[in-house]
Amino acid sequence: MNKVIKYGDNVDTDVIIPARYLNTTDRKELASHAMEDIDADFHQKITAGDIIVAGKNFGCGSSREHAPIVIKESGIALIIAESFARIFYRNAINIGLAIIESAEAAREIEDGDVLSVDFTAGIITNESQDGKQYRVAPFPPFLQNIIRSGGLVELVSAGDLQ
């Protein structure tokens with residue numbers, strides 16, 4: 001079970017990781033600046049495995065892969081949003097960051113709620129709201145395999161592409 005940190009619509013890649021920090025390739029250093037322009041206390045709030053819930057168009061803006069990388073590196077296990085910018089969506093899968101689109105869940109889940117997620121069955125359970133469940137289309141097995149493996153590069157390196 002994981003705690004929710006909630007944001008609104010149009011969280012763009014410049015807010016996720018401000019461009020002024022892109023002069024380093026150190027993932028830990030980059031992650032230390034994740035979300036700081038929208039949420040200065042982000043790193044004090046999160047623990048490994050937490051979940052971001054957001055509104056529409058999460059990850060809009062530039063196509064840089066840094067955005068999902070810093071979210072994953074900061075310890076976030078999953079992002080649930082009403083919708084994602086398409087390039088962010090694909091970049092997240094490529095680097096092994098789990099993402100789910102669900103308008104109903106994104107609207108109803110509150111900051112601080114505790115969730116459990118069954119990716120195989122496509123069920124989000126809000127333990128803070130008397131076990132309310134949201135059904136979503138599960139990722140196909142090959143996408144689940146990419147995410148479980150930690151990303152496309154790791155999967156290809158392991159020779160386990162299926």
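Residues numbered from 1 in each chain as written. Predicted model: local features only at pLDDT ≥ 70, side-chain atom pairs only at ≥ 80, totals over all residues. Heavy atoms only, no water.

Draft legend 1. Broad picture of unusual backbone geometry. A positive phi angle, near 55°, is found at Asn-10, a position not held by glycine. Mapped onto the fold, Asn-10 is located in the loop between strand 1 (2-6) and helix 1 (13-16). Even without a glycine there, the phi angle at Asp-130 is positive, about 55°. Relative to the elements of secondary structure, Asp-130 occurs in the loop between strand 6 (123-126) and strand 7 (132-135). (Helix = DSSP H or I, 4+ residues; strand = E, 2+ residues; numbered from the N terminus.)

Draft legend 2. View of the pairing of strand 3 (residues 78-81). Burial of the side chains of strand 3 extends over both faces: Leu-78 and Ile-80 are buried on one face and Ile-79 and Ala-81 on the other. By the bridge criterion, four bridges tie strand 2 (residues 51-54) to strand 3 in an arrangement that is parallel. Along strand 3, the bridge assignment pairs Val-53 with Ile-80. The parallel pair strand 2 and strand 3, bridged by helix 4 (residues 66-73), forms a crossover whose chirality is right-handed. (Buried < 20%, exposed > 50% of the residue type's maximum accessible area, 1.4 Å probe, protein only. Pairing = 2+ DSSP bridges. Right-handed = clockwise from strand over helix to strand, strands pointing away.)

Draft legend 3. Examining the nonpolar core more closely. Ranked by size, the top nonpolar core spans 49 residues in total, and within it Phe-58, Ile-79 and Phe-88 carry the most contacts. Discounting chain neighbours no more than four positions away, the residues touching Phe-88 are Ile-16, Phe-58, Gly-59, Ala-67, Pro-68, Ile-71 and Ile-79. (Core = buried A, V, L, I, M, F, W, Y, C linked by side-chain atoms within 4.5 Å. Contact = heavy atoms within 4.5 Å.)

Draft legend 4. Quick peek at the sheet that holds strand 5 (residues 114-118). Strand order in the open sheet formed by seven strands is 4-3-2-1-5-6-7, and the pairing between neighbours is mixed. Only two strands of the sheet have a single neighbouring strand rather than two, namely strand 4 (98-101) and strand 7. Across this sheet, the average inter-strand angle for adjacent strands is 30°, counted without regard to direction. Along the sheet, helix 5 (residues 86-95) makes contact with strand 3 and strand 4, crossing strand 4 at roughly 140°. (Axes fitted to C-alpha atoms, helices over the stretch in contact; angles between N-to-C directions.)

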